[in-house]
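An overview of the molecular structure
Residues per chain, in single letters:
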Amino acid sequence: MTLETAFLIVNTVVLPAWLLLAIAPRHATTDALVHSTAFPVFFGLLYAGLMVFAFSSGAIPTDADFTSLEGLLALMKTPLAALIGWVHYLIFDLFVGAWIARDAVRRSVGRVLLVVSLFFTLMTGPIGLWLYLTARWATGKAGLSLDETKS
């Protein structure tokens, strides 16, 4: 399998989860797939496998590291490292999106705010989370706490 094929597969696999969050955040299928450990386990195993392959195959440049911008750029110049980074983004953004959907249901946040926030979380991660938290606060659905027991 090529890295391009793997990239297309991970992008395709994650999209139904986002659609379920937007269309049916309370549905049993969403609970079973998206609000469970299914996606984190799948993507976590894929991520670990790609990391093992990258390090064992020597695909990581010797000047790559996380301690400088130059080192990070050296790392991301390789297609395999870019794919690993993309998998990292996909699972963490989905995890945040699932939290947003659960929180929105719990706090009766409107569907439009939920869908807009999920879209921006899928596309821009932290901006979507910021948008949701800001909208939640501005509509009086919650205070500044992320704790579900506080408002």
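Residues numbered from 1 in each chain as written. Predicted model: local features only at pLDDT ≥ 70, side-chain atom pairs only at ≥ 80, totals over all residues. Heavy atoms only, no water.

**Side note on the confidence of the model for the protein**
Residue-level pLDDT values for the protein average 91, and 97% of them are 70 or greater. Within the protein, helix 6 (residues 111-124) carries the highest mean pLDDT (97), whereas helix 4 (residues 69-76) carries the lowest (86). (pLDDT = per-residue confidence, 0-100. Helix = DSSP H or I, 4+ residues; strand = E, 2+ residues; numbered from the N terminus.)

**Here we look at the packing of aromatic side chains**
Using the criterion set out here, one finds six aromatic pairs in the structure. Arranged with centres 5.4 Å apart and planes meeting at 85 degrees, the rings of Phe-119 and Phe-120 form a pair that is edge-to-face. With a relative accessible area of 32%, Phe-120 lands in the partly exposed category. (Phe/Tyr/Trp six-rings, centres within 6.5 Å; stacked < 30°, edge-to-face > 60°. Buried < 20%, exposed > 50% of the residue type's maximum accessible area, 1.4 Å probe, protein only.)

**Description of helix 7 (residues 126-138)**
When the terminal C-alpha atoms of helix 7 are compared, their 18 Å separation across 13 residues agrees well with the 18 Å that a helix rising 1.5 Å per residue should span. Turning to helix 7, its buried residues are Gly-128, Tyr-132, Ala-135 and Arg-136. The buried residues of helix 7 occupy an angular sector of 100 degrees when projected down its axis, which confines them to one face. Facing away from the buried surface of helix 7 by more than 90 degrees, the exposed residues are Pro-126, Trp-130, Trp-137 and Ala-138. Its buried side turned inward, helix 7 meets helix 5 (79-107) and helix 6. Two residues or fewer after helix 7 comes Gly-140, characterised by a positive phi angle close to 75 degrees. (Expected span 1.5 Å × (residues − 1). Arc of directions from axis to C-beta. Contact = heavy atoms within 4.5 Å.)

**Quick word on the pattern of salt bridges**
Pairing between side chains of opposite charge can happen when the charged atoms of each approach one another. Inspection of the entire model under this criterion finds three salt bridges. Two residues, Asp-103 and Arg-107, come together in a salt bridge whose shortest N-O distance is 2.9 Å. Pair noted here: Asp-103 and Arg-107 are both in helix 5, with a separation of four residues, about one helical turn. Neither Asp-103 nor Arg-107 differs from the other in exposure class; each is buried. (Salt bridge = Lys/Arg side-chain N within 4 Å of Asp/Glu carboxyl O.)

**Details of the environment of Asp-93**
Among the structural elements, Asp-93 can be located in helix 5. Among the residues examined, Asp-93 registers a relative accessible area of 17% and is labelled buried. Sequence separation between Asp-93 and Ala-32 is 61 residues, and the spatial gap between their C-alpha atoms is 18 Å. When sequence neighbours within four positions are dropped, the list of residues in contact with Asp-93 reads Trp-18, Thr-121, Leu-122 and Gly-125.

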